[in-house]
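Read off the chains here:
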Amino acid sequence: VNVVDKPDLCDFHVPASIRRGKLCVAISTGGASPMLSRKIRRKLEEMFPAEYGQLIDLLGEMRPEVLERIDEESVRKEVFEELTSDEMLQALADDGLDRVRSIMLAKIEKAAGGQH
């Protein structure tokens, strides 16, 4: 049972949350302060713009490519660091999905060709 205005009568509390595609961030104060949860949610909405949803979808496309084409774990890690960089997020906002997909594929190709 959830009685929003009487936390002592609740069996559960509904967290404040933001969604950006497959990304979900939930905030809870255990019912102690729903207002604080909302304030934190607003700050997180600014920190995680809508492009994060697109970035996650692109990363989902690219991950199998990286795993299939790059054998060295250290090189994989470097590529994943590049693909998840703030620069990729900014490029997505500035240049769009198709452009960033091309950039990511080029980075994977370069890393795959440079393995020892």
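What counts as what
Residues numbered from 1 in each chain as written. Predicted model: local features only at pLDDT ≥ 70, side-chain atom pairs only at ≥ 80, totals over all residues. Heavy atoms only, no water. Helix = DSSP H or I, 4+ residues; strand = E, 2+ residues; numbered from the N terminus. Buried < 20%, exposed > 50% of the residue type's maximum accessible area, 1.4 Å probe, protein only. Polar contact = N/O pair within 3.5 Å; in protein donor to acceptor, adjacent residues only side chain to side chain. Phe/Tyr/Trp six-rings, centres within 6.5 Å; stacked < 30°, edge-to-face > 60°.

Peer 1: Residues and numbers for the side chain of Ser-85, please.
Peer 2: Looking at the secondary structure, you find Ser-85 in the loop between helix H3 (73–83) and helix H4 (86–95). For Ser-85, a relative accessible area of 16% puts it in the buried group. For Ser-85, the side chain forms a polar contact with the main-chain oxygen of Glu-82, separated by 2.9 Å.

Peer 1: Would you mind going over the environment of Arg-63 in detail, with residue names and values included?
Peer 2: With respect to the helices and strands, the residue Arg-63 is situated in helix H2 (residues 51–69). Given the relative accessible area of 48%, Arg-63 is considered partly exposed. Each C-alpha atom, one on Arg-63 and one on Phe-80, is 8.1 Å from the other, the two residues being 17 residues apart in sequence.

Peer 1: Explain the packing of aromatic side chains residue by residue, including any values.
Peer 2: Tallying each qualifying case throughout the model produces one aromatic pair. Ring geometry for Phe-48 versus Tyr-52: centroids 5.1 Å apart, planes at 70°, classification edge-to-face. Given the relative accessible area of 18%, Tyr-52 is considered buried.

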